[in-house]
Every structure is written in C-alpha cells, then in structure tokens.
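Chain by chain, the residues:
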Amino acid sequence: MIDTDKAAAALIEARQGSRILDSFPGGSFPVDVDEAYAVLDSIAAQMTVPVVGWKAALTNDEIMAKMNATAPACGPLFEPYVSTSPMTVSLPAASNRGLECEFAFRMATTLAPRAAPYTDAEVAAAVATMHPAMEVVDVRVKDGFANGARGIIGDFCANAALALGPGIDNWQGIDLAAKEVELRIDGVHAVTGIGSAVLGNPRNSLTWVANFLSGRGIALEAGHVVTTGSTMGIHPAPAGSTAIADFGELGQVEITFA
C-alpha cells in the first residue's frame, strides 16, 4: 500500500520540474487500478491550477489487453497543459513523446451526476463544439507504460499536453467512425488513424466519460473539453520535431517539440 498523497505530490513536482523519476514515489507502482485512481484523485486535489477537461484512454480492446485493463481509463486535464493549435511543448530529454490524434468535444451544458446512465443522445445534445485534437502522452516515471493501466492512471493518466484545432458546431451529421486522420512528422507521413478505433466511435467514448464521471459523483461541466482517445495508437516523435494531425476538411492540429 502506497501513501497516495505523497505519491501525488512527488508526481506533481516531477511534472512541474520537467523530470523523469526512476521509480514510482514510495518505491512501487499502485497495486491495482483502484489504487492508481486514488493517486490521481489526490493529484487533482493538490494541483493549484484548474481542471479544464477530461481525457479518455485505453479506448479499444487491443490496448486494454496490452495494458492489462478491463475498461477504458479517464483522467483530468489541467489548464497549463491545454492549448489551441499551434502548440509548443517542452519535455524532458528522456520523455517518450508519444502522439495521439483524437476527436475532442467542448461541453455547452453541465451533465451532473445522477443514478441513471446518460444516453448518447443526451450527451451529444450537451456538446457545444467538436474539435480535431492531438494529445502528447508521457509518464513521469520510467517504465510507467510497461506497468500497464496501474502504471499510467495514477501518473496523470499519461497526459502531457493537449492541442485543440478549430471548433465545429454542426458536427452531429459527421460519420466520426469512418473519419480518417493522417499524422505527419516534419512533413513526412507517419500513420493514418480512423475514428472507429475509439470504442467503435468517438461519440461512444464521450458518453463513456460522462457516465464514468457521473458514477464517481463528478459533474462534466459546461466549458470542459473531453478528448476521446487515440485513433491510431501512440506514435513517437523526436525532440525538435513538428507534428501535424490532418483531419481533412475538419482542420489540422500542430505541435512542435522544443
């Protein structure tokens, strides 16, 4: 059993100080997902900057199996690490610098916790805009990814940064499951993703986040952003590179690594 508050404080310090830790604070990774979420809850309580949204992770069966998880994961997004595109991100030299091209949503109305699950239609009706997005995933602890879901959930759910493209109002008629996105690094094609890789449809992931939060007594607030998970797995990017996620007519998202 780890001291979740001390672990959270050490992870916050590592993130703010741009450092990679050799071991999880306290000497061992969380024993399971529940303990990892306890660390993440303590991080949210100790951070002195606002939560501005939420991220979904592990949003397909293949990555869940790889990360020894039985469900997707969800973590808070903090204000200093969310920006509109183009975005410049500075990370430690030992950073993994993983990239994920995603569909994100900004909420128009608050979805308060309740006993009954929210439906897809209810959640979609609460959305203001849909955004092409690109997340930088990273861990503050060496070997975090190798320890699966319990290794990353407690470590900011592996979020390092999120860049948002232009907001789209009339998004509900778009077939997000069929929508492809190309990732280019320094102008060279890297990989193509597709919306169906995200729980079958990014809308499904958005609804899952709303109900996950509701089940924990947390409101999905108006103005918050939800990014729904990778369309193409995690793709590495070298230091000094510039990555562009091209969503076609939906727009582009650009991140440069300092």
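Computed from a predicted structure; not experimentally measured.

The next thing to look at is the pattern of salt bridges. In this structure the tally under the stated criterion is 9 salt bridges. One salt bridge in this structure joins Glu122 and Arg114, with 2.6 Å as the shortest N-O distance. Residue classification places Glu122 among the partly exposed residues on the basis of a relative accessible area of 33%. Across the pair Glu182 and Arg184 runs a salt bridge, and its minimum N-O distance is 2.9 Å. Taking the relative accessible area as the measure of exposure, Glu182 reaches 23% and is therefore partly exposed. Accessibility expressed as a relative area gives 18% for Arg184, which makes it buried. One salt-bridge network, in which partners are shared between bridges, spans Glu182, Arg184 and Asp246.

Here we take up the nonpolar core. With 76 residues, the main nonpolar core has Ile43, Leu58, Leu99 and Val136 as its most contacted residues. If we ignore the near neighbours within four places in the chain, the residues touching Val136 are Val89, Leu91, Gly98, Leu99, Ala158, Asn159, Ala160, Ala161, Ile255 and Phe257. Grouped together as the second largest cluster of nonpolar side chains are 7 residues, Ala104, Ala133, Leu162 and Val225 included.

This part is about the sheet that holds strand S9 (residues 188–194). The mixed open sheet is built from 5 strands, whose spatial order is S4-S13-S12-S8-S9. The outermost strands of the open sheet, each flanked by one partner alone, are strand S4 (87–89) and S9. In this sheet, neighbouring strand axes are inclined to one another by 20° on average, regardless of whether the strands run parallel or antiparallel. Two strands pair when backbone bridges link them, and S4 and strand S13 (residues 252–257) are joined in this way by 3 bridges, in the parallel orientation. Counterpart to Thr88 in the pairing with S13 is Thr256.

Interhelical geometry of helix H1 (residues 4–16) versus helix H2 (residues 33–46) gives an angle of 60° and a closest axis separation of 8 Å. Classified by the interaxial angle, the pair formed by H1 and H2 is oblique. Crossing of H1 over H2 shows right-handed handedness. Contacts between H1 and H2 pair Thr4, Asp5, Ala7, Ala8, Ala9, Leu11 and Ile12 from the former with Glu35, Ala38, Val39, Ser42, Ile43 and Gln46 from the latter. Split into classes, the residues belonging to the contact of H1 with H2 amount to 8 nonpolar, 3 polar and 2 charged.

Attention shifts here to unusual backbone geometry. Of the consecutive residues Ser85 and Pro86, the connecting peptide bond is found in the cis state with omega at 0°. With respect to the secondary-structure elements, Pro86 resides in the loop between strand S3 (82–84) and S4. Positioned with a positive phi, Asn68 is a non-glycine residue whose angle comes to about 55°. Residue placement: Asn68 occurs in the loop between helix H3 (61–66) and strand S2 (73–78). By relative accessible area, Asn68 is classed as exposed at 69%.

Cut-offs and rules
Residues numbered from 1 in each chain as written. Predicted model: local features only at pLDDT ≥ 70, side-chain atom pairs only at ≥ 80, totals over all residues. Heavy atoms only, no water. Salt bridge = Lys/Arg side-chain N within 4 Å of Asp/Glu carboxyl O. Buried < 20%, exposed > 50% of the residue type's maximum accessible area, 1.4 Å probe, protein only. Core = buried A, V, L, I, M, F, W, Y, C linked by side-chain atoms within 4.5 Å. Contact = heavy atoms within 4.5 Å. Pairing = 2+ DSSP bridges. Helix = DSSP H or I, 4+ residues; strand = E, 2+ residues; numbered from the N terminus. Axes fitted to C-alpha atoms, helices over the stretch in contact; angles between N-to-C directions. Parallel < 35°, antiparallel > 145°, perpendicular 65-115°, else oblique. Left-handed = near helix turned anticlockwise from the far one by under 90°. Nonpolar A, V, L, I, M, F, W, Y, C, P; charged D, E, K, R; others polar.

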